[in-house]
Each structure stands twice: as structure tokens, then as C-alpha cells.
Amino acid sequence: HRWVKLLESQKLRTPNDWRTRFKLGFVYYFLFEEANGRIELAQRRIKKAKDRPEEFDKNTIPREKDIIQERLPLANDYRVKAIYNFKKVAEKTPKNSVNAWGYAYMAVIKGIEKDWPAAIQLCEQALALAREAPDQRQALNRLREYVQALILRSFPESEAFRPLAFVGGTALRF
């Protein structure tokens, strides 16, 4: 994880640089997503192996349980570090729409955890900051982008793509 080392050393040199914290928050967020995604895959494979044992070898369940045991502490560590760095962005001064992004990405992580009260509270904090922004148009556009990302992220989690699919090009960029 070369980027973690690079950004962690940069953070030590410039502890108040919100840009470094934002980048570091994203690196940890993506590492969390990767570890969490593998845990969810292992859980699905265990369920399938229990439901249809004839399709799996006898080592599948223990192997997948080992993967969960290995990845769970990593996922938790990455989650904590992502939230910590996004919180530093959310609390930076002077306040502007970037603070809202810090709250918004913490809300995304809380949504992944299905901690809906915390996710809603963080979204409300992001909205409150956007309302206070001197350039309302820019604040609104940034929040629209965030909400769009949050909604699109929820599609695969809720299995919405079973009956729903995007056809052709979209204006979405990630």
C-alpha cells in the first residue's frame, strides 16, 4: 500500500492540510471497500455452500470463514482511519463546501455499516454547511453530485440491478 505510506508521511509533515486528509480518507475508504467486499463475498459463498452442499467441496466453508477472520480486522481498521481523516476534512477551517464533503463521505461509510441514524445525522450536517455557503449554486451542485453517488452506490447493495440497468452512456463520472 504505497499510497498509504506516502500520504501518511505527508500528513506528518503537514498535519493541517485538508487535501492530504481527504486523499488519505479516500485511500482508506477504498481499502475498506475492498476488504468489506471480500467479506460479503465469503458470507454469500458460505450461505450457498450450506444451501447447496453438493456444488461445493468440504473445504469451502472453513476457507471462507478464514477469509472473514483475516479481513474483518483490516476492514474495521480501514473504516476507522477513513472516518478519522474525513472528520478532519469536515472540521477544517475556514468552513466551506469541502467540509460538507467530509461529512458526506462519513455518511457513506455509516450507510455501508447500515448505521442509518448516524448516516442521516452526517447528511444533515453536510446540508447545513451547504446552506451556509456564500455561493449557493456551487454548494447545491456539490451536494447533488454526492447524493447521486450515494444513490448509485446503493443500487448494487440493494440488488436493484436485477430489474434495473443503465443502457447507453450516462453523464456520470467516478
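Remember, predicted model here, so these are calculated numbers, not experimental data.

Asker: A description of the packing of aromatic side chains should follow, citing residues and the corresponding values.
Answerer: Applying the stated criterion across every chain yields a total of 11 aromatic pairs. Measuring from ring centre to ring centre gives 6.3 Å for phenylalanine 22 and tyrosine 105, while their planes differ by 75°; the resulting arrangement is edge-to-face. Here phenylalanine 22 is found in helix H2 (residues 18–51), whereas its partner tyrosine 105 is found in helix H4 (residues 97–112), with 83 residues between them in sequence. Across this residue pair, the class does not change: phenylalanine 22 and tyrosine 105 are buried. Where phenylalanine 26 meets phenylalanine 30, the ring centres are 6.0 Å apart and the plane angle is 25°; that geometry is what we call stacked. Pair noted here: phenylalanine 26 and phenylalanine 30 are both in helix H2, with a separation of four residues, about one helical turn.

Asker: Kindly report on the side chain of asparagine 85, identifying the contributing residues and their values.
Answerer: Among the secondary structure elements, asparagine 85 is positioned in helix H3 (residues 60–90). For asparagine 85, a relative accessible area of 2% gives the class buried.

Asker: Tell me about the environment of lysine 95, and please be specific about residues and values.
Answerer: Structurally, lysine 95 is set in the loop between H3 and H4. Once the C-alpha coordinates of lysine 95 and leucine 129 are considered, the two residues, 34 residues apart in sequence, prove to be 7.9 Å apart. Other than its neighbours up to four places away in sequence, lysine 95 contacts Ala90 and Leu129.

Rules and cut-offs
Residues numbered from 1 in each chain as written. Predicted model: local features only at pLDDT ≥ 70, side-chain atom pairs only at ≥ 80, totals over all residues. Heavy atoms only, no water. Phe/Tyr/Trp six-rings, centres within 6.5 Å; stacked < 30°, edge-to-face > 60°. Helix = DSSP H or I, 4+ residues; strand = E, 2+ residues; numbered from the N terminus. Buried < 20%, exposed > 50% of the residue type's maximum accessible area, 1.4 Å probe, protein only. Contact = heavy atoms within 4.5 Å.

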